[in-house]
Amino acid sequence: MTRVLLIPGSTRDGSLHTSALRTAAHLAPEGIAALLYGGLTGLPAFVPGDPGPPPVAELRRLIAEADALMFSTPQYAGSLPGSLKNLLDWLVDGGDLARKPAAWLSVVPPGQDDGACEALEAVLGHGDARLLKAACIRLPLEMSSVDGAGTVTDPRLHLALQDMLHALIGAMALPEPRQQPSWQVHSSVYPVIQAPSTPGFVSGQSAWPGVQTWKGNDG
């Protein structure tokens, strides 16, 4: 079972970005457990060198036990939302992102989140995460495609998410490239993309769909 932690950059539960990731959790194919992180608003302000209170420990546990990370974030003031940057600061400081495979999903047209995507990649680089660009996809969506359950009904996203999750697994299996790959990303629904972007956890019980138990590296 490949475990993918879905991390939204918006603090609004009904945001388009959160809805897209929630859809990914619902549509995860067999062999993939996708969990939507819901603790963004509960994280305290980052304090360098501080191990952090329980919400930070829970975040770190989920990160450690995930095989890969998927982000989707809006852009605020030309960059990442402060809440997502705060989450990433905790992880970079603790070394939790080291060699962790990661990808992003953009749901807005080019030019509307370029600053956020660049900032996200920069922070992931500082944390020594492994950005899998072959699994990054841009598919502009409309809020009208979000249904009453907070999931996206647009079939293009459903296909794109299947592509993205499979590409994420495929890229994880490949040796790490020595050189920075191209920004061009291929998808069956968005052929070429040019870019310049909880539930509680109880020890011994899994919050991940389809997983009975999943203990972290600390046992």
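The structure reproduced in this document is the subject of the present report.

Scoring rules and cut-offs
Residue numbers run consecutively from 1 along every chain, following the written order of its sequence. Note on the predicted model: pLDDT of at least 70 is required for a residue's local features to be given, and 80 or more for side-chain atom pairs to be given and counted; whole-chain, interface and lining totals, by contrast, use all residues. Think of the side-chain values as coming from all heavy atoms in the structure, minus any hydrogens and water. By definition, any uninterrupted DSSP run of H or I lasting at least four residues is a helix, any uninterrupted run of E lasting at least two residues is a strand, and each is numbered from the N terminus. Given the number of residues in a helix, its expected span is that number minus one, multiplied by 1.5 Å. Buried means the residue's accessible area, taken with a 1.4 Å probe over protein chains only, is under 20% of the maximum for its type, while exposed means over 50%, and partly exposed covers the values in between. We call two residues in contact whenever any of their non-hydrogen atoms come within 4.5 Å of each other. Each aromatic pair joins two rings of Phe, Tyr and Trp (for Trp, the six-membered one) with centres within 6.5 Å, and gets the label stacked for planes under 30 degrees apart, edge-to-face for over 60, and tilted for any other angle. Note that the arc is defined by the directions from the helix axis to the C-beta atoms.

1. Thoughts on helix α2 (residues 54–65)
Consideration 1: Given a rise of 1.5 Å per residue, 12 residues ought to cover 16 Å, and the 16 Å separating the end C-alpha atoms of α2 matches this to within 8%.
Consideration 2: Listing the buried residues of α2 in full gives V56, L59, R60, L62, I63 and E65.
Consideration 3: If you follow the buried residues of α2, they end up packed against β1 (2–8), β2 (32–36), β3 (68–72) and α3 (82–94).

2. As for the packing of aromatic side chains
Consideration 1: Tallying each qualifying case throughout the model produces one aromatic pair.
Consideration 2: Aromatic pair F46 and W90: ring centres 5.2 Å apart, planes at 90 degrees, arrangement edge-to-face. Highlighted residues: F46 in the loop between β2 and α2 and W90 in helix α3, separated in sequence by 44 residues.
Consideration 3: By relative accessible area, W90 is classed as buried at 1%.

3. Some words on the environment of A116
Consideration 1: Residue placement: A116 occurs in helix α4 (residues 114–126).
Consideration 2: Judged by its relative accessible area of 1%, A116 is buried.
Consideration 3: Each C-alpha atom of the pair A116 and T73 lies 7.3 Å from the other, and the pair is 43 residues apart in sequence.

4. Looking at helix α5 (residues 155–173)
Consideration 1: If you check α5, its first and last C-alpha atoms are 28 Å apart, about what 19 residues at 1.5 Å a residue would give, namely 27 Å.
Consideration 2: Of the residues making up α5, those classed as buried are L157, A160, L161, M164, L165, L168 and A171. Looking down the long axis of α5, one finds its buried residues gathered within 135 degrees of arc, a one-sided arrangement. Exposed residues lying more than 90 degrees from the buried face of α5 are P155 and A173.

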